[in-house]
Every structure is written in structure tokens, then in C-alpha cells.
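# Chain and residue survey
The chain contents come next:
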Amino acid sequence: FCAPGYFFLTTDTAAVLRWLASEAMRAGAHILYRSRFEGASRQDGLFRFAGLNLASRYILGADGGHSAVAKHFGLGRNTAFLTGLEVEYQNLYAADPRFLHCFIDSHHAPGYLAWIVPGPHVTQVGLAVGPGRRPHLKRFLTATNERFRYSEATPLERRAGRIPCGGLVTPWAMPGVMLVGDAAGQVSPATAGGIRLAFRFGRRAAQAIADHLQSLGPPPEVAMAAEMPNFTIKKVMRFALDCAPPNSLINLVIGTRAMQHVARHIYFHRRGGHGLSIAEFERQLAAVSGDTTLAKATIS
């Protein structure tokens, strides 16, 4: 299945966060490092933060899947999580850098999938499993080592994390307080994609809060209520993934037209090559760009 013009982005996450912090400070924000949210009480129209000489008119909780803001104010909290493990490799040459490699495998990654993702400086190899399951990354690496030759690359860093997969929490806001991103469950239950949604709703929340505080606009939770994702179809897909169907059934379904239709709509946002192969797409791309080297490499 080919989706010309559609692409996935990988980042140096630490560098992106440093850039975001510098941009926020350049716009006038003040960042308090090594500070934890330990609660806040409302007095005379202001929230006063416990343990900090700080007050605000509004609190935006963007503090992750285990949100302390949600817990303190009695807002909705995430209860279903994917559990993921990942290792970064340097010089993993056997992984084709043009593609995001995904493995739907109920044996190695029940409830989600495994991945090999070429990044700006390293290749990320990992997997995540559905609620109530334990990830076994070593087992997946052993099963795919012959193809990708991890033993010839250099492992640099390992990480683990939990990703909300239960959809939007309820309630996600109250007067003066709102949750966004992972804290609000704004993460696709099917694909576990949350970065795009965090950027979208984080920006939108800032606009709604500023409009409310500076221009007497409607309460932010009222202004944004109609925009919140319901993830109806993706919740159904989450149920199907949690059932961890046998690999024989997955292999039978994955190449069908129905599955391609689902992939085109869910994973590629209604875009697809309609039968165009990767090789043909690259030949057409080379012809348009005049890159004869690419054309020769593709044809051979």
C-alpha cells in the first residue's frame, strides 16, 4: 500500500523540547524548572499554588497521562494505557531509511504493534502492548535480528513509557481549569498518536483562554466542547486490537481491499496511491525531479 505525498516525521525529541522552551520564553513565558505541581486553591479569583510564590487566573494541565492537575481538581483521569519499550541504535544499516516499518504481531506485540523507525540521528526500535500485558522487546529483537542485524549496530539508549489509549477523559475541564494532550486523553486509541493532537489542542486552548481572559470571550471549555475528538471508530479498533487476534487471521486480512480502505482512512487520512506501487511512485518522482540516479536505482 502506497500513499504518495504522505509522510511520517521523526524528531530529536530533547532538541524539540529545548526549542519549544526557548520559543515560549522568547514570547514572554517564564519557565520554573525543578518545580512540581502540588496543588492550588482559588482565592479572590486567582489560583494560588502550593509551595510556590505564584498565582494565575487559569490553569492548563498539560502534565502527561498521570496528570497531577486532573487528580487534584477531580477531573477525568486516564485508566487504560499501552506499555512501550524502545531502544535507539546507531548505524542500523539494514533498516531501509525511506520507510516506517510496522509489525502487527499478536505474539510479540499483542494489543498494538512493533516498529523500526529511522530518525534524524538514530534508528528507534520498539514495541508496545495493550492494557494488562507485559512487553518483551528482547523476544522481538531476537525474532527479527536475521533481517535487521541489530548485533552489527550500536545500541545507545533505552526507554520505557506508558501511552493513554482510552480516549478523551471526562470531564476534561472545569471553570478555570482545562486538560490538554495526554492529560486529557487526546491520544488516538488505535494508533497511539498524540503529538499532532497535543500541538493542535494546546494551541487552540491557549487561544480560547486568552480570548476569555482578555476579551470577555466564552469560557474555554464551552468554546472548545464541539471540537473535542470522540474517537468512535478508533475505540472500536482498540477493542479489536485488545482481542489480539491470531497472526494467521491478521495475515489473511491485512492484504484485503477492506483493510486498505481502513488504512487509507485511519492511518493516511484518506490518502492513498490507489494501486500505485512504491517502485512506480519513485520512478514518477525521479522523472519529475530529474533525479536520474534515483530512477536507475529504482529500476534496478
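Residues numbered from 1 in each chain as written. Predicted model: local features only at pLDDT ≥ 70, side-chain atom pairs only at ≥ 80, totals over all residues. Heavy atoms only, no water.

### Concerning the overall build of the protein
If you tally the helices and strands in the protein, you get 10 helices and 11 strands. The burial tally for the protein puts 36% of its 300 residues in the buried class. Intrachain contacts of the protein at a sequence separation of at least 6 include 65% that bridge at least 24 residues. By element, 57% of the accessible surface of the protein is carried by carbon and sulfur atoms, the whole surface being about 18,100 Å². (Helix = DSSP H or I, 4+ residues; strand = E, 2+ residues; numbered from the N terminus. Buried < 20%, exposed > 50% of the residue type's maximum accessible area, 1.4 Å probe, protein only. Contact = heavy atoms within 4.5 Å. Areas by Shrake-Rupley, 256 points an atom, 1.4 Å probe, with all protein chains shown as cover.)

### Concerning the pattern of salt bridges
Applying the stated criterion across every chain, the model contains 8 salt bridges. Arg26 is the partner of Glu23 in a salt bridge, and the nearest nitrogen-oxygen pair spans 2.8 Å. Pair noted here: Glu23 and Arg26 are both in helix α1 (residues 13–26), with a separation of 3 residues, about one helical turn. In this structure Glu23 comes out as partly exposed when scored by relative accessible area, which is 27%. Here Arg159 makes a salt bridge to Glu157, at a shortest N to O gap of 3.6 Å. On the accessibility criterion, Arg159 (32% relative accessible area) is partly exposed. Under the relative-accessibility criterion, Glu157 is labelled partly exposed at 41%. Through salt bridges with shared partners, one network takes in Glu86, Glu88, Glu157 and Arg159. (Salt bridge = Lys/Arg side-chain N within 4 Å of Asp/Glu carboxyl O.)

### Considering the pairing of strand β1 (residues 40–43)
As paired strands, β1 and strand β2 (residues 46–49) are joined by 4 bridges and run antiparallel to one another. Each bridged residue has a counterpart across the sheet, and for Arg42 the counterpart in β2 is Phe47. Hairpin connection between β1 and β2: a loop of 2 residues separates the two successive antiparallel strands, and Asp44 in this loop has a positive phi of roughly 55°. (Pairing = 2+ DSSP bridges.)

### A closer look at helix α6 (residues 232–242)
In an α-helix there are 3.6 residues to a turn, and that puts residues three or four apart on one side. Regarding α6, the residues found buried are Lys234, Met237 and Arg238. End-on view of α6: buried residues confined to an arc of 105°, all on one side of the axis. Set apart from the buried face of α6 by more than 90 degrees, the exposed residues are Ile233, Val236 and Phe239. Where α6 ends, the next residue or the one after it, Ala244, has phi of about 45°, a positive value. (Arc of directions from axis to C-beta.)

### Some details on the sheet that holds strand β3 (residues 55–56)
The strands that make up a sheet pair up through hydrogen bonds in the backbone, lying either parallel or antiparallel. Here we have 3 strands laid out as an open sheet, ordered β1-β2-β3, and antiparallel in their pairing. Every other strand in the sheet has two partners, leaving β1 and β3 as the edge strands with one partner each.

### Quick notes on the nonpolar core
The biggest cluster of nonpolar side chains holds 26 residues, and the ones touching the most others in it are Ile59, Phe73, Met178, Leu179 and Met224. For this core, the elements supplying multiple residues, two or more each, are β2, α2 (68–73), β11 (177–179) and α4 (195–215). Top element by residues in this core is α4. It accounts for 5 residues. Of all hydrophobic cores here, the second largest spans 17 residues; its members include Val125, Leu137, Phe148 and Ala153. (Core = buried A, V, L, I, M, F, W, Y, C linked by side-chain atoms within 4.5 Å.)

### Comments concerning the packing of aromatic side chains
One pass over the full model with this rule turns up 8 aromatic pairs. Relative to Phe73, the ring of Phe47 has its centre 5.8 Å away and its plane inclined at 85°; by these criteria the two rings are edge-to-face. Separated by 26 residues along the polypeptide, Phe47 in strand β2 and Phe73 in helix α2 bring together distant segments of the chain. For the pair Phe47 and Phe73, one class covers both residues: buried. Among the aromatic side chains, those forming a connected cluster through ring pairs are Tyr89, Phe103, Phe140, Phe148 and Tyr150. (Phe/Tyr/Trp six-rings, centres within 6.5 Å; stacked < 30°, edge-to-face > 60°.)

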